[in-house]
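Summary of structural features
Here's the letter readout for the chains.
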Amino acid sequence: MIARTWHGRVPAQRADEYHEYLSKTGVAATGGTPGNLGVYVLRRIEGEVAHFTMITLWESTDAIRQFAGDDYEIAVYFPEDDDFLLEREPVFHHEVLEAPGSG
């Protein structure tokens, strides 16, 4: 299993609005891709900035390619992301060594 992680920062006053947008775009697109095993969205408010971390679980890199395209090492962004995000950040992939229900 592979975990794909992404972090994004938005102004804290737009945190709820961004969460709604993220659910309709990234979460929906990821969760609807064959080979996706789950989506987690985490949020932390720190002063004037809301930090979002998205963790998606995948069967394989081929499954990630179904979502992200051939250059799957690049984060996927949606049309209105730049209206919310303070900057574009990279995506990272991790081999999942332990997870609930895996042992």
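Residues numbered from 1 in each chain as written. Predicted model: local features only at pLDDT ≥ 70, side-chain atom pairs only at ≥ 80, totals over all residues. Heavy atoms only, no water.

Some thoughts on the pairing of strand β1 (residues 2-11)
The line we're drawing: Accessible area is worked out with a 1.4 Å probe on protein chains only. A residue is then buried under 20% of its type maximum, exposed over 50%, and partly exposed in between. The helix and strand labels rest on DSSP assignments: H or I over at least four residues marks a helix, E over at least two residues marks a strand, and numbering proceeds from the N terminus. Should DSSP find at least two bridges between two strands, the strands are taken to pair.
β1 sits mainly inside the fold: seven of its 10 residues count as buried. Inspection of the sheet shows β1 paired to strand β3 (residues 49-58) by 10 bridges, in the antiparallel sense. Counterpart to A3 in the pairing with β3 is L57.

Considering the packing of aromatic side chains
Condition: Pairing of aromatic rings covers Phe, Tyr and Trp, the last counted by its six-membered ring, and requires centre-to-centre distances within 6.5 Å; plane angles under 30 degrees mean stacked, over 60 mean edge-to-face, and any other angle means tilted.
This structure, assessed with the given rule, holds six aromatic pairs. Centre to centre, the rings of W58 and F67 are 5.9 Å apart; their planes meet at 25°, and the pair counts as stacked. Since its relative accessible area comes to 0%, W58 is described here as buried.

As for the nonpolar core
In summary, soluble globular proteins display a tendency toward joint burial of nonpolar side chains. Quick reminder of the rule: Note on terminology: a nonpolar core comprises buried Ala, Val, Leu, Ile, Met, Phe, Trp, Tyr and Cys residues joined through side-chain atoms within 4.5 Å. When checking whether two residues touch, look at their non-hydrogen atoms; a contact exists if any pair is within 4.5 Å.
Among the nonpolar cores identified, the biggest contains 14 residues, and W6, V10, Y18, F52 and L85 are the most heavily contacted of them. When contributions to this core are tallied by element, the ones reaching two or more residues are β1, α1 (15-31) and β3. In terms of residue count, α1 provides more of this core than any other element does, four residues in total. Setting aside anything within four residues of it in sequence, one finds V10 in contact with A15, Y18, E48, V49, A50, F52, F84, L85 and L86.

Examining the pattern of salt bridges
Note the threshold: What counts as a salt bridge is simple: a side-chain nitrogen of Lys or Arg found within 4 Å of a carboxyl oxygen of Asp or Glu.
What the rule picks out here adds up to seven salt bridges. Between R14 and E17 there is a salt bridge, and its shortest N-O distance comes to 3.1 Å. The class for R14 is partly exposed, based on a relative accessible area of 24%. On the basis of relative accessible area, E17 is assigned to the partly exposed category, the value being 42%. The shortest N-O distance in the salt bridge between D62 and R65 comes to 3.3 Å. Of the two residues, D62 and R65 are both situated in helix α2 (residues 61-68); the distance of three residues between them amounts to about one turn of the helix.

So, the side chain of N36
Counted only if it meets this: N or O atoms within 3.5 Å of each other form a polar contact, as long as, within protein, one can give a hydrogen and the other can take it, and as long as residues adjacent in sequence are counted only when both atoms are side-chain atoms.
Inspection of the secondary structure puts N36 in strand β2 (residues 36-46). Assessed through its relative accessible area of 16%, N36 is described here as buried. Within the local environment of N36, its side chain forms a polar contact with the backbone oxygen of L57, the two atoms lying 3.3 Å apart. Look past the residues within four positions of N36 in its chain and what remains in contact with it is T30, G31, T56, L57 and W58.

So far we have only geometry, and geometry alone does not tell us how the molecule works.
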